[in-house]
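Summary of the model geometry
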Amino acid sequence: MPSRSRLCLIGSILALSACGIKPSQTAPNRTLGTIITRDQIEESGARTMWDAITRLVRFAQFQESGLGSPQGVRRRGSSSVLLDEDMPIYIDRVRVINIQLLTSLLARHIERIQVLSGLEATTYFGTNSGDGVILIYTIDPTG
């Protein structure tokens, strides 16, 4: 039987799909970009998916409200003035629109995190990904 967290994740993905948000059709090669393994996530002590990416993704700047609530994710360093968007985050190929969702999903459900550079990301996710993309892959409960 799936855990409550897994059901929450599945429910969130279904809700996003019902709003017209569809998974990316193609997935990048597993060796592209920077790969953060499940072991690294466990060693970091991260409890939520937000904790995991803020502790382990080195190429991004994470913005939080005064209360510690996620507000945005930007690429570190200089960027084009025309690209004034957050780095997209995907969970199992479904784009996360409300990043506050990441604070309610457990890090122990992450199989790996893949961080693509802008050049790599635009190949798979289009020009709105010019600052890069964070891809979170969850553990397959079926084995």
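Here the structure is a predicted model, which means the values were calculated and not measured. (Residues numbered from 1 in each chain as written. Predicted model: local features only at pLDDT ≥ 70, side-chain atom pairs only at ≥ 80, totals over all residues. Heavy atoms only, no water.)

Section: the packing of aromatic side chains
Put simply, the rule reads: Pairs were defined over the aromatic rings of Phe, Tyr and Trp, the Trp ring being its six-membered one, requiring ring centres within 6.5 Å. Orientation was assigned from the angle between planes: stacked under 30 degrees, edge-to-face over 60, tilted for the rest. Comment: elements are numbered from the N terminus, with helices defined as DSSP H or I runs of at least four residues and strands as E runs of at least two. For every residue, the accessible area (1.4 Å probe, protein chains only) is compared with the maximum for its type, and the residue is labelled buried under 20%, exposed over 50%, or partly exposed between those bounds. By definition here, charges over rings are those cases where NZ of Lys or CZ of Arg is within 6 Å of the ring centre and within 35 degrees of the ring normal.
Counted by the stated rule, this structure contains two aromatic pairs. The interplanar angle of 85 degrees and the centroid separation of 5.5 Å between the aromatic rings of Trp 50 and Phe 62 together place this pair among those described as edge-to-face. Taken as a pair, Trp 50 in helix α3 (residues 49–56) and Phe 62 in strand β2 (residues 60–64) lie far apart in primary sequence, twelve residues in all. The same class applies to Trp 50 as to Phe 62, namely buried. Relative to Phe 125, the ring of Tyr 90 has its centre 4.6 Å away and its plane inclined at 35 degrees; by these criteria the two rings are tilted. Here Tyr 90, found in strand β4 (residues 89–91), pairs with Phe 125, found in helix α4 (residues 118–125); they are 35 residues apart in sequence, far enough to count as distant. Take Tyr 90: its relative accessible area is 9%, and that puts it in the buried class. For Phe 125, a relative accessible area of 15% corresponds to the buried category. The aromatic ring of Tyr 137 is capped on one face by Arg 112, whose charged end is 3.8 Å from the ring centroid.

A word on the environment of Gly 45
For Gly 45, the location among the structural elements is in the loop between α2 (38–44) and α3. Distance in space between the C-alpha atoms of Gly 45 and Arg 108 is 9.8 Å, their sequence separation being 63 residues.

Description of the confidence of the model for the protein chain
Rules: What pLDDT expresses is the predictor's confidence in each residue, scored from 0 to 100. We call two residues in contact when some of their heavy atoms are within 4.5 Å.
Residues of the protein chain with pLDDT of at least 70 account for 73%, and the chain-wide mean is 81. Mean pLDDT across the elements of the protein chain ranges from a minimum in helix α1 (residues 4–18), with 56, to a maximum in α2, with 97. In the model, residues 18–22 has pLDDT below 50 throughout and makes three contacts with residues more than four positions away in sequence or in other chains.

Notes on the pairing of strand β6 (residues 110–116)
Convention followed: A pair of strands is treated as paired once DSSP finds two or more bridges between them.
With six of its seven residues buried, β6 lies for the most part within the structure. Bridge analysis of strand β1 (residues 34–37) against β6 gives four bridges, and the strand direction is antiparallel. Paired with Thr 37 across the bridge in β6 is Arg 112. Relative to strand β7 (residues 133–138), β6 runs antiparallel, the two sharing six bridges. Bridge pairing in β7 places Gln 114 opposite Leu 135.

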